[in-house]
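This is what each chain is made of:
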Amino acid sequence: RCFMLVALTDQNEVFQLTPSMTKTELQKIRQSIAFYCPQCNQLVQLKIGQINIPHFAHSKNNACESGFSEGESQAHLLGKHQLFTFFQQRHFHTLLEPYLPAIKQRPDLLVSKGHHRYAIEFQCSRISEEKCHDRSTGFLNVQITPIWLLKTPATFKENGLVKLSINHFHQQFMQQQRGQSYLLTYDIESQHFYYVSNLMPIHGQQFLGDIQKIPLTQQIFPFYVPKRLTKHTY
């Protein structure tokens with residue numbers, strides 16, 4: 001299912017769900033406003049549960065999914081909320097789930113800094129290498145730089161030099177900067193970024209790597225790039 005944090009009103013205005021909105025406030029809004037999907041223009045429902053994060057949802061069996069990076073989860077919704085707040089607090093022009101008709105895609109966040117635009121994709125579930133490549137290519141075709149953030153796996157929540165397994169799915173998100181490969185992940189529970197850098201292949205999917213974590217409150221943008229370790233460090 002595709003859950004959303006953004007919808008259009010019957011006046012064709014963008015309505016965005018934010019963490020500051022109370023359930024009582026949203027229940028009143030739901031009674032007075034009809035909401036529509038920005039992508040397919042079909043009616044969507046504002047869901048307000050006791051446990052889940054408030055969100056918009058299509059009716060069952062709706063085919064409007066191609067513009068989303070994945071089926072939604074509560075972890076994905078919460079991560080987008082946290083990252084949106086991060087960029088807003090740093091005064092970057094940030095759009096949550098904007099639909100880009102030229103490429104028929106919807107990034108989790110679209111962040112502008114000067115003349116540069118960045119599509120932030122918070123990836124919480126598996127995605128094929130082909131789909132990841134196609135989405136990245138789509139963004140690049142309209143001069144938007146894609147940045148993929150993985151949900152931090154439990155095995156990455158360590159610190160310092162460790163031996164770890166990096167499967168093929170995670171390997172496809174390795175970034176290349178400063179002459180090294182590294183993975184950038186984000187953990188919604190601790191609100192920390194985890195970096196797996198200075199990777200040295202051992203055998204198969206086994207690597208020796210350096211894991212660092214940075215609190216969300218101390219992160220910068222463009223995101224911090226880990227430094228290369230010296231030979232004496234290993």
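The structure we're discussing is the one just above.
Below you will find a few notes about this structure.

The rules behind the values
- Residues numbered from 1 in each chain as written.
- Predicted model: local features only at pLDDT ≥ 70, side-chain atom pairs only at ≥ 80, totals over all residues.
- Heavy atoms only, no water.
- Helix = DSSP H or I, 4+ residues; strand = E, 2+ residues; numbered from the N terminus.
- Rg over C-alpha atoms; globule rule 2.2 N^0.38 Å.
- Contact = heavy atoms within 4.5 Å.
- Areas by Shrake-Rupley, 256 points an atom, 1.4 Å probe, with all protein chains shown as cover.
- Lys, Arg positive; Asp, Glu negative; His and termini not counted.
- Charge placed at Lys NZ, Arg CZ, Asp CG, Glu CD.
- Pairing = 2+ DSSP bridges.
- Phe/Tyr/Trp six-rings, centres within 6.5 Å; stacked < 30°, edge-to-face > 60°.
- Buried < 20%, exposed > 50% of the residue type's maximum accessible area, 1.4 Å probe, protein only.
- 1 Å grid on protein atoms, 1.4 Å probe; cavity = no way out; pocket = protein on both sides within 12 Å on 5 of 7 lines; lining within 4 Å.
- Points joined across faces, edges and corners; volume = space filled by probe spheres on them.
- Nonpolar A, V, L, I, M, F, W, Y, C, P; charged D, E, K, R; others polar.
- Expected span 1.5 Å × (residues − 1).
- Arc of directions from axis to C-beta.
- Salt bridge = Lys/Arg side-chain N within 4 Å of Asp/Glu carboxyl O.
- Core = buried A, V, L, I, M, F, W, Y, C linked by side-chain atoms within 4.5 Å.

### Considerations on the overall build of the chain
Inference 1: When its secondary structure is counted, the chain shows 4 helices and 15 strands.
Inference 2: Taken over C-alpha atoms, the radius of gyration comes to 19 Å for the chain, in line with the 17 Å a tight globule of 234 residues would show.
Inference 3: Dimensions of the chain, computed from the C-alpha atoms along their principal axes, are close to 65 × 35 × 35 Å.
Inference 4: A separation of at least 24 residues holds for 61% of the contacts in the chain among residues at least 6 apart in sequence.
Inference 5: Per element, the accessible surface of the chain, about 12,400 Å² overall, is 51% carbon and sulfur.
Inference 6: Here the chain holds 23 positive side-chain charges and 16 negative ones, and the gap between their average locations is 4 Å.

### Digging into the sheet that holds strand 2 (residues 6–9)
Inference 1: Spatially, the 6 strands line up as an open sheet ordered 1-6-5-4-2-3, and their pairing is antiparallel. The strands lining the two open edges of the sheet, one partner per strand, are strand 1 (3–4) and strand 3 (14–16).
Inference 2: Direction of pairing for strand 4 (residues 35–36) relative to strand 5 (residues 43–47): antiparallel, over a ladder of 2 bridges. Within strand 5, the residue paired with Phe-35 across the bridge is Val-44.

### With respect to the packing of aromatic side chains
Inference 1: What the rule picks out here adds up to 19 aromatic pairs.
Inference 2: Their ring planes at 75 degrees and their centres at 6.2 Å tell us that Phe-87 and Phe-92 sit as a pair that is edge-to-face. Per residue, the accessibility class of Phe-87 equals that of Phe-92, and both read buried.
Inference 3: Residues Tyr-195 and Tyr-224 carry aromatic rings whose centres are separated by 5.5 Å and whose planes lie at 85 degrees to one another, so their mutual orientation is edge-to-face. Residue Tyr-195 is found in strand 14 (residues 192–203), and its partner Tyr-224 is found in the segment after strand 15 (206–215); the two are separated by 29 residues along the sequence.
Inference 4: In this structure Tyr-224 comes out as partly exposed when scored by relative accessible area, which is 24%.
Inference 5: Grouped by ring-pair contacts, the aromatic residues Phe-86, Phe-87, Phe-92, Tyr-118, Phe-122, Tyr-186, Phe-193, Phe-221 and Phe-223 constitute a single cluster.

### Some words on the layout of surface pockets
A water-sized probe, rolled over the atoms, reveals where empty space remains.
Inference 1: In this structure, the largest pocket encloses a volume near 450 Å³.
Inference 2: Surrounding the largest pocket, 21 residues form its lining, Pro-146, Ile-147, Trp-148, Met-174 and Gln-175 being those nearest its centre.
Inference 3: Of all the secondary structure elements, the ones that give two or more residues to the lining of the largest pocket are helix 3 (129–141), strand 10 (144–151), strand 12 (175–177) and strand 13 (180–187).
Inference 4: By residue number, the principal contributor to the lining of the largest pocket is helix 3, which donates 5 residues.
Inference 5: Here the residues of the lining of the largest pocket are counted per class, giving 14 nonpolar, 6 polar and 1 charged.

### Let's talk about the environment of Ala-57
Inference 1: Residue position: Ala-57 is located in strand 6 (residues 55–57).
Inference 2: Taking the C-alpha atoms as reference points, Ala-57 and Asp-187, 130 residues apart in sequence, are found 25 Å from one another.

### Digging into helix 3
Inference 1: Taking 1.5 Å per residue as the helical rise, helix 3 with its 13 residues ought to reach 18 Å, and the 18 Å between its terminal C-alpha atoms agrees with that figure.
Inference 2: Within helix 3, burial applies to Cys-132, Arg-135, Ser-136, Gly-138 and Phe-139. Viewed end-on, helix 3 has its buried residues packed into an arc of 155 degrees, placing them on one side of the element. Exposed residues pointing more than 90 degrees away from the buried face of helix 3 are listed as Glu-130, His-133, Leu-140 and Asn-141.
Inference 3: In this fold, the buried residues of helix 3 make contact with strand 9 (116–123) and strand 10.
Inference 4: Once helix 3 finishes, Gln-143 follows within two positions and takes phi at roughly 60 degrees, a positive value.

### Overview of the pattern of salt bridges
Opposite charge on two side chains permits pairing when their charged atoms draw close.
Inference 1: The tally for this structure, following the rule as stated, stands at 5 salt bridges.
Inference 2: The partner of Asp-108 in a salt bridge is Lys-80, with the nearest N and O atoms 3.9 Å apart. Of the two residues, Asp-108 sits in the loop between strand 7 (93–96) and strand 8 (109–113) while Lys-80 sits in helix 2 (residues 74–89), which places them 28 residues apart along the sequence. Taken as a pair, Asp-108 and Lys-80 share a single burial class, namely buried.

### Re the nonpolar core
Inference 1: Counting residues in each nonpolar core, the largest one holds 31 residues, and the members touching the most others are Phe-87, Leu-109, Ile-120, Leu-149, Phe-193, Phe-221 and Phe-223.
Inference 2: The set of elements that each furnish at least two residues to this core consists of helix 2, strand 8, strand 9, strand 10, strand 13 and strand 14.
Inference 3: At 6 residues, helix 2 tops the list of elements feeding residues into this core.
Inference 4: When near neighbours in sequence (up to four residues on either side) are disregarded, Phe-193 contacts Leu-83, Leu-149, Leu-184, Thr-185, Tyr-186, Gln-212, Lys-213, Ile-214, Leu-216, Gln-219 and Phe-223.
Inference 5: Residues Leu-150, Val-162, Leu-199 and Phe-207 belong to the second largest nonpolar core, which totals 16 residues.

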